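# Coordinate analysis (summary)
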Amino acid sequence: MTDSMISRRAALLGAGAIVAWSASPARALLAQVDGAALPAPIEAILARMTLEEKAGQLQLNAAAWSGGTATGLNPPSSGPSFDGQVADAVAGKLTGVFNGNGVEMARRMQDAVMRGSRLKIPLIFAADVIHGHRTIFPVPVAEAASFDPDLAMRTARMAAYEAAAAGIDWTFFPMVDIARDQRWGRTMEGAGEDPLLGQMFAAARVRGFQGRSLAADDAVMACIKHFAAYGATESGLDYNAVDLSERTLREIYLPPYKAGFDAGAMSGMASFNEINGVPATGNPWLMQQVLRDEWKFPGIIVSDYTGDEEMIAAGFAKDGKDAARLAFLAGVDMSMQSNLYALHLADLVREGAVPQATLDRSVRRVLAVKHRLGLFDDPFRRIDKTRETARSRTRAAIALSREAAQKAIVLLRNEGDLLPLDLNRRIALIGPFASGQHDLNGPWVVYGDNNQAVDLVTGIKAAGARAVSVTAGSGVEEALPGGIAAAVAAAQAADVVVLAIGESEGMSGEAQSRTSITIPAPQMALAEAVAGTGKPVVVLLKNGRGLALEGAVRDAAAIMVTWFLGSETGHAIADVLFGKVGPSGRLPLSFPYESGQEPYYYAHKATGRPAPAGPREPYKTQWRTAPNAALYPFGHGLTYGKVTYAAPDVPPTLAWDGRIRLAATISNTGTRACEELVQLYIRDRVASITRPVRELKAFRKVALAPGARETVTFTLTRAQLEFLGQDLRPTVEPGTFDVWIAPSAQAEGVHGTFELLR
Ligand code: BGC
């Protein structure tokens, strides 16, 4: 904290607010602080606060700027005008706002508080910066397909750099909910179905957003959400109840949250769902025992949007006051949007229903977070008009968006090496996503603009394709009059069809649960008609979740998963389509054969009647029309090389305190360079708790030139074989372990076994 910084900003901002701040008691007290986590001056501020001011520090509402557009992203709710909100902030009834817009808004609000409020406690500005601010990166699940946590760290860093320049101190990200049911629309916000991948991406995203120091002017505080197990919602129905054993919760769902908190995230968000009968927002076991007592989390927990109030409809709280009491006593420090804390907390303390010390503890946490963000030092730290413009959509950000999008694309199928396409072939580009600046960024973007994103046809033409015709052929969920006839004619006049079909932005994301995770019927009719021409078809899927592919789409010669890729969509797809870069993404979630298999995930249990490989047998674990497997499993993704796995090197034993080196030789016998994702899976054959048929333990990307080969080695120790025993404590039992070094969760790759010896 330096006075020179304050005076520099005073010069920029006009002296008034800064002078007021400099003269304030908070500033005077903090002048003594040496950067410790919880400085004494904050305690002194706390001592001067009224109960109402304390409750105000625990109330966060959607920004009313621009007529309250922030609430458009959530269920409609009425609130004050912007001026009314500013007045509330000055009166100490608000800790900050979220999903507002830009430096101008933040400056006006902070300015008013620094000039007019009694204690001059800076406001905090939050936002859903999920996968980019103005430059939009692939949706998070797509980015997870890169299996490259470092990439996720870099995109998060870039998002923070842009967002922090626009006045944002705090992002509601990363979302780390494991998603094992593809009916759930919010699959697209996370890292897929696997806990290991989930942990790695959670930690990387936190590090990216928060940077080296939270106080930096390009750091944004991360928020681990939605705590907890929001993705395990029954039948994939958003907001639905979750009923989970403590074992599954601790083994599968909780580890990514823990990884995010361990990486230093200073905030978390309670989830909407109940767990085993108790709403997460009113759940002291989750927020006290697990989060505070076991994990030692020092930061703040915010409710989700009106999550506290929703406990009334859920049948857990009597009324608003009861909901505020339950949420607060359970451990939710801050209420989002319902205004319940501002309305009731002071009275609850006066009546003795909430201990004063508990209130003080939460306020102390909020003030500490504001301090760590550097806001007491300089309330205008991230509010700078020049920086806002200078850091928006830089060349480096756009280049990173293209790189991330390339790496997110997954090639599912490539019969007869149809891909990469020759630029000289006549292409019929068909489908509702063939052209137009819609559905490029994805469903969860507050500040990005589809009109600034590159659509598919633009990318394909820019890549140098010689002849391209464009035909929509169908709407997303409705037929287009004459669409199919036009598409068939276009296909007939071309050498190859590129069929851009799938889900619109509106079909995945929050509250977009689907009962059937298929391509909508009008687009299927289009696909069947186009296939009828006999022309080779490349399907480009747009999707926010795993899909069940059917008919002509499933049978197309080539299929690429292209998700929602963001600002550089068209360029990135063209790069892979024409082979400027090879496909390197892998599925972070399973594509089942049929919707009815959901929830389907690769790490399922064997059952007592596992279906054998080969012909079907009766009375086995399988559906009438589908095996107990995925059509395209977790980890699957092709390259333009020809990769073989050979020469497993699996020593026969692992000593109790030893380590084991597991190796395989990976060769590219093809004519094109490729990047192969080599995956290590294990299975504990016999244990006191049945174990999944496979579990991912490690992975590594190797670049292979044509004809090249590489020996890939992994090391395992006993710790990586741990599971929760019958008493829910971590345990390892000696015995036989299968190990696969393989290109997917279902591929054989190379397979060996070893014995863990005690
Ligand atoms: C979502 C959160 C989000 C919040 C604020 C809620 O509906 O569940 O993920 O951060 O709104 O926009």
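Residues numbered from 1 in each chain as written. Predicted model: local features only at pLDDT ≥ 70, side-chain atom pairs only at ≥ 80, totals over all residues. Heavy atoms only, no water.

## Focus: the pairing of strand S12 (residues 426-430)
The side chains of a regular strand alternate between the sheet's two faces. Here is the rule: For the exposure calls, accessible area comes from a 1.4 Å probe over protein chains only, and a residue counts as buried if that area is under 20% of its type's maximum, exposed if over 50%, partly exposed in between. A run of H or I in DSSP counts as a helix once it spans at least four residues, and a run of E counts as a strand once it spans at least two, with each numbered from the N terminus. Pairs of strands are assigned from DSSP output, requiring at least two bridges between the strands. Assignment of crossover handedness uses the view with strands pointing away from the viewer, where a clockwise path from the first strand over the helix to the second indicates a right-handed crossover.
The element S12 is extensively covered by neighbouring structure, given that four of its five residues are classed as buried. Two strands pair when backbone bridges link them, and S12 and strand S13 (residues 467-471) are joined in this way by five bridges, in the parallel orientation. Its bridge partner being in S13, Ala428 is matched across the sheet by Ser469. Handedness of the β-α-β unit built from S12, helix H20 (residues 456-462) and S13 comes out right-handed. Examined bridge by bridge, S12 and strand S14 (residues 496-502) share four bridges and lie parallel to one another.

## Topic: the environment of Ile398
Just so we agree on the cut-off: Contact criterion: two residues are considered in contact whenever any of their non-hydrogen atoms come within 4.5 Å of each other.
Structurally, the position occupied by Ile398 is in helix H19 (residues 395-408). Measuring from C-alpha to C-alpha, the distance between Ile398 and Leu58 comes to 37 Å, with 340 residues separating the pair along the chain. Once you skip the residues sitting within four places of it in the chain, Ile398 turns out to touch Thr135, Arg393 and Glu568.

## Considering the confidence of the model for the protein
As a reminder, the rule being used: The quantity called pLDDT is the predictor's confidence in a given residue, expressed from 0 to 100.
For the protein, the average pLDDT comes to 94, and 95% of its residues sit at 70 or higher. Confidence drops under pLDDT 50 across residues 1-15; counting only partners more than four residues distant or on other chains, this segment forms 28 contacts. With pLDDT under 50 throughout, residues 26-37 is counted as low confidence; its partners more than four residues away or in other chains account for 33 contacts.

## Things to note about the environment of Gly546
Within the element layout of this structure, Gly546 appears in the loop between strand S15 (537-542) and helix H23 (551-554). Gly546 sits 358 residues away from Met188 along the chain, and the two C-alpha atoms are 9.1 Å apart.

## Section: the sheet that holds strand S5 (residues 223-227)
Here is the rule: Orientation is described by axes fitted as lines to C-alpha atoms, over the contacting stretch for helices, and by angles from 0 to 180 degrees between their N-to-C directions.
If you trace the three strands from one edge of the open sheet to the other, you get S5-S6-S9, paired in parallel fashion. Each edge of the sheet is formed by a strand with only one pairing partner; in this case those strands are S5 and strand S9 (300-302). This sheet shows a mean twist of 25 degrees between the axes of neighbouring strands, independent of strand direction. Pairing analysis gives three bridges linking strand S6 (residues 267-270) to S9, with the strands arranged parallel. Each residue of the ladder has a partner; that of Met269, found in S9, is Val302. The sheet strands contacting helix H12 (residues 246-262) are S5 and S6, and the helix crosses S5 at an angle near 160 degrees.

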